[in-house]
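Residue-level structural notes
Spelled out from the first residue to the last, the chains are:
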Amino acid sequence: MSERLQAPRGTFDVLPEQSALRAQVEEVARRVLESAGYRRIETPAFEDTDVFRRAVGASTDIVQKEMYTFEDAGGRSLTLRPEVTAPIVRAYLEHGMHKLAQPVKLWYLSSCFRYERAQAGRYRQFWQIGAEALGSDDAAVDAESILLLHTILAELGVAGMRLRIASLGTPASRAHYRELLQDHLRRHEDELAAEVRERIDLNPLRAFDSDHPGTRTVMAKAPVLMDHLDDADRDHFASVLGMLEAAHIPYEVDGTLVRGLDYYTRTVFEFTSDALGAQSGVGGGGRYDGLAEQLGGSPVCGMGWAAGVERMLLAAEHLPVPEPICDLYVAMAQGTPAERVQAFALAAEARSAGVPTQLELAGRSLKGQFKQADRCGAAYVAILGPEGIELKDMQTGAQESLDTSAAVVAHVLRGRHADA
Ligand code: ATP
Ligand code: MG
């Protein structure tokens, strides 16, 4: 016998009960985002590898270790998307969306792929809901984007929510700061983790992310980017904070906030939840005013975020599992060929009238059929027999004889409206 195959490590099947929960997350996100003028976009599951190499940054963990990159039969290097912001900016440029009214506001629910150490809340295929606003550098875009994610998380009942926020400034102020930080790191080189030491030139900011005790001591005394912003960046950041306050969104300014992607400028933020363990990040994002140029386009400002669907579900502790709806179960007294055809026709008629209907499909005894109708949560059971149709109201137990299938459908519809 050959070995029984399983889903790959770090992936999971979304089973029906989970699927119903995920549909609720999608529904809340859709309502909140579309009410604010965001429209859904779908990009391909894979892109030219360059889209991510150029956008996410060659020195990041994502590009260095986490991408599923492969060569197709035509010899092209393709990568399963590890994130969706870069593909959306690519699409904005490709479709000339600068000709539309700005900002262009887009949202998505897409699968992402990262080769990571699989554990609770960290998978190799996972789903992100995200929102991107392209074409405006107004601080209100930043504040609104953050507010929308806050609203979604609050509506889902995410427990112990915290918002940390910072500004990374513009590339110019960041370049100046980078040098200050590199000087500081070089002065303490022998106290740093090897991994951090190797990245002083390439990506010194990542040193803030290290768990290494020596590195942490060095970083506690490191210069902070927020103290080196230019006036325009400082004003922009102050406006964002002022609007968050006006919307009563609590936040903590955290100058050590480092995001795992290189493309951010100015505002960056992250929502965490106490309900999650080590993987406490629920969602985050920021402004990326230089990204379009990195992808070879004209300059386009952008601001957005992504939130993990699985992390939101882990953190939304009391999300109720919705019950499937069945208004009518069609049963057969004897299961003769004629009854079976009649039952099939009744189910078809009921469904086209909009009644959620299930049909006996397993040749059960009448008793077994009632049990099954109960499991389905059926409001009514129609029993087809030699004497006609009996309709039983499962809540009251009342039973009625009806002549035609049309009468059954009308009765069930009436009952449903009475319930509603
Ligand atoms: P982390 O610090 O947890 O690795 P990240 O900074 O890599 O997160 P982002 O790239 O900003 O995360 O992605 C946004 C969100 O996507 C995260 O806040 C998280 O909810 C989710 N996410 C990221 N990686 C994974 C993963 N491997 N499995 C499940 N969800 C993930
Ligand atoms: Mg990560």
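Residues numbered from 1 in each chain as written. Chains lettered and ligands numbered in written order. Predicted model: local features only at pLDDT ≥ 70, side-chain atom pairs only at ≥ 80, totals over all residues. Heavy atoms only, no water.

**Section: the side chain of Ser-136**
Looking at the element boundaries, Ser-136 is found in the loop between strand 6 (125-134) and helix 5 (139-156). Here the side chain of Ser-136 touches Asp-138 through a polar contact of 3.1 Å, landing on its backbone nitrogen. Not counting chain neighbours up to four residues away, the residues in contact with Ser-136 comprise Pro-103, Val-141, Arg-287 and Cys-301. (Helix = DSSP H or I, 4+ residues; strand = E, 2+ residues; numbered from the N terminus. Polar contact = N/O pair within 3.5 Å; in protein donor to acceptor, adjacent residues only side chain to side chain. Contact = heavy atoms within 4.5 Å.)

**Points about the nonpolar core**
In terms of nonpolar packing, the biggest core is built from 90 residues, with Leu-33, Ile-129, Ile-146, Leu-156, Phe-269, Trp-305 and Met-312 touching the most fellow members. For this core, the element with the most residues is helix 5, which contributes 9 residues. In this view, Trp-305 contacts Leu-33, Tyr-108, Ile-129, Gly-130, Ala-131, Glu-132, Ser-145, Leu-149, Ile-152, Phe-269, Gly-284 and Gly-285; residues no more than four positions away in its chain are not counted. Of all hydrophobic cores here, the second largest spans 18 residues; its members include Val-355, Ile-389, Leu-391 and Leu-402. (Core = buried A, V, L, I, M, F, W, Y, C linked by side-chain atoms within 4.5 Å. Buried < 20%, exposed > 50% of the residue type's maximum accessible area, 1.4 Å probe, protein only.)

**Focus: the packing of helix 1 (residues 16-35) against helix 5**
Relative orientation of the contacting elements helix 1 and helix 5 amounts to 140°, with a least axis distance of 10 Å. In this structure, helix 1 meets helix 5 at a crossing whose hand is right-handed. Seen from helix 1, the contacting residues are Gln-24, Val-25, Val-28, Ala-29, Arg-31, Val-32 and Leu-33; seen from helix 5, they are Leu-148, Thr-151, Ile-152, Glu-155 and Leu-156. (Axes fitted to C-alpha atoms, helices over the stretch in contact; angles between N-to-C directions. Left-handed = near helix turned anticlockwise from the far one by under 90°.)

**Digging into the domain arrangement of the protein**
The domains assigned to the protein are domain 1 (14-169 + 229-313) and domain 2 (326-417). Distance from the C-alpha centre of domain 1 to the C-alpha centre of domain 2: 48 Å. (Domains from an automatic or database assignment.)

**Observations concerning helix 13 (residues 366-375)**
Every buried residue of helix 13 is accounted for by Gly-368, Gln-369, Gln-372 and Ala-373. Seen from one end, helix 13 has its buried residues packed into an arc of 140°, which puts them on one side. With respect to the buried face of helix 13, the exposed residues turned more than 90 degrees away are Lys-367, Lys-371 and Asp-374. Elements that come into contact with the buried residues of helix 13 comprise strand 12 (328-332) and strand 14 (380-385). (Arc of directions from axis to C-beta.)

**Describing the side chain of Ser-110**
You can see Ser-110 is positioned in strand 5 (residues 104-113). Excluding residues that lie within four positions of it along the chain, Ser-110 makes contacts with Glu-42, Arg-81, Val-84, Phe-126, Trp-127 and Gln-128.

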